[in-house]
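A structural walkthrough
Chain residues, written in single-letter form:
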Amino acid sequence: MYIQISDSAQAHFRKLLDQQEEGTNIRIFVVNPGTPNAECGVSYCPPNAVEASDTELKYDLFSAFVDEVSYPFLEAAELDFVTDDMGSQLTLKAPNAKMKKVADDAPLIERVDYVIQTQINPQLANHGGRITLIELTDDGYAVLQFGGGCNGCSMVDVTLKDGVEKQLLQQFAGELHGVRDITEHQHGEHSYY
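Residues numbered from 1 in each chain as written. Predicted model: local features only at pLDDT ≥ 70, side-chain atom pairs only at ≥ 80, totals over all residues. Heavy atoms only, no water.

- The chain is annotated in an unreviewed UniProt entry as Fe/S biogenesis protein NfuA of Testudinibacter aquarius.
- UniProt, in its Sequence similarities (unreviewed entry) section for the chain, records the words "Belongs to the NfuA family."
- Here is the UniProt Subunit (unreviewed entry) comment for the chain, exactly as written: "Homodimer." (UniProt positions renumbered as here; feature names shortened; annotations may be inferred.)

Below, the structure is given as structure tokens:
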């Protein structure tokens with residue numbers, strides 16, 4: 001695994017490290033990894049703070065240490081130092097912080113859940129909504145529960161069919177046949193409604 005640190009970010013860290021104790025590097029970590037509240041951070045890592053279980057990632061100007069727990073959640077992470085009209089800021093993108101990447105040969109339900117958590121829920125979060133994968137039926141349908149702002153929203157059918165289903169069917173062509181909302185699914189099971 002390699003965390004992408006842009007040249008500008010490396011130069012920024014080097015400047016800061018030059019003011020620290022000799023031999024200090026940086027540490028990249030995730031707090032609450034694998035949860036919706038996951039937060040990534042960067043801190044100084046003096047020589048005495050390196051743990052035997054850490055992974056060292058070597059860069060031109062310094063090393064970055066990552067602890068064992070954070071490591072799988074930092075896959076595909078990127079650090080950049082951006083300067084614009086508002087000033088300079090360090091940006092850290094870690095698409096897998098909330099949920100570690102699932103292997104390509106993992107069971108379909110895990111792969112579908114991963115896409116929902118990492119790609120679909122961040123889009124819905126703007127509207128205060130989120131989706132939970134409840135089950136995968138034997139005939140290849142993903143049963144989803146809409147929560148937050150999506151619950152009882154009249155746009156749910158549109159979102160479900162147009163957005164979510166389309167996205168999932170594209171990614172899991174041939175494996176997934178469709179998507180159902182849990183309320184629709186429950187109604188379908190009880191013919192006396």
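Describing the sheet that holds strand β7 (residues 87-93)
- Taken in spatial order, the three strands of this open sheet run β1-β6-β7, and their pairing is mixed. What marks the edges here is a single partner per strand, and that holds for β1 (4-5) and β7.
- Here strand β6 (residues 78-84) runs beside β7; their pairing, made up of seven bridges, is antiparallel. Bridge assignment links E78 to a residue of β7, and that residue is K93.
- Running at roughly 85° to β6, helix α1 (residues 7-17) makes contact with β1, β6 and β7 of the sheet. (Pairing = 2+ DSSP bridges. Helix = DSSP H or I, 4+ residues; strand = E, 2+ residues; numbered from the N terminus. Contact = heavy atoms within 4.5 Å. Axes fitted to C-alpha atoms, helices over the stretch in contact; angles between N-to-C directions.)

Considering the packing of aromatic side chains
- Evaluated as defined, the whole model comprises two aromatic pairs.
- With a centroid separation of 5.8 Å and 80° between ring planes, the pair formed by F13 and F62 is classed as edge-to-face. Here F62 lies in the loop between β4 (55-58) and β5 (63-66) and F13 lies in helix α1, a separation of 49 residues in the sequence.
- Relative accessible area serves as the criterion here: at 5%, F13 is assigned to the buried category.
- Since its relative accessible area comes to 5%, F62 is described here as buried.
- For the ring pair Y59 and F62, a centre distance of 5.7 Å and an interplane angle of 35° mean the geometry is tilted. Of the two residues examined, Y59 and F62, each falls in the buried class.
- Ring pairs connect the aromatic residues F13, Y59 and F62, which therefore count as one cluster.
- It is R180 that lies over the ring of Y141; its NZ or CZ is 4.1 Å from the centre. (Phe/Tyr/Trp six-rings, centres within 6.5 Å; stacked < 30°, edge-to-face > 60°. Buried < 20%, exposed > 50% of the residue type's maximum accessible area, 1.4 Å probe, protein only. Lys NZ or Arg CZ within 6 Å of the ring centre and 35° of its normal.)

Remarks on α1
- All buried positions along α1 are accounted for by A9, Q10, F13 and L17. For α1, the angular spread of the buried residues around the axis is 100°, confining them to a single face. Facing away from the buried side of α1, by more than 90 degrees, are the exposed residues D7 and K15.
- Along its buried surface, α1 packs onto β1, β2 (25-31), β3 (39-45), β6 and β7. (Arc of directions from axis to C-beta.)

Topic: the side chain of S6
- Within the secondary structure layout, S6 lies in the loop between β1 and α1.
- With sequence-adjacent residues up to four places away left out, S6 is seen in contact with L79, D80 and F81.

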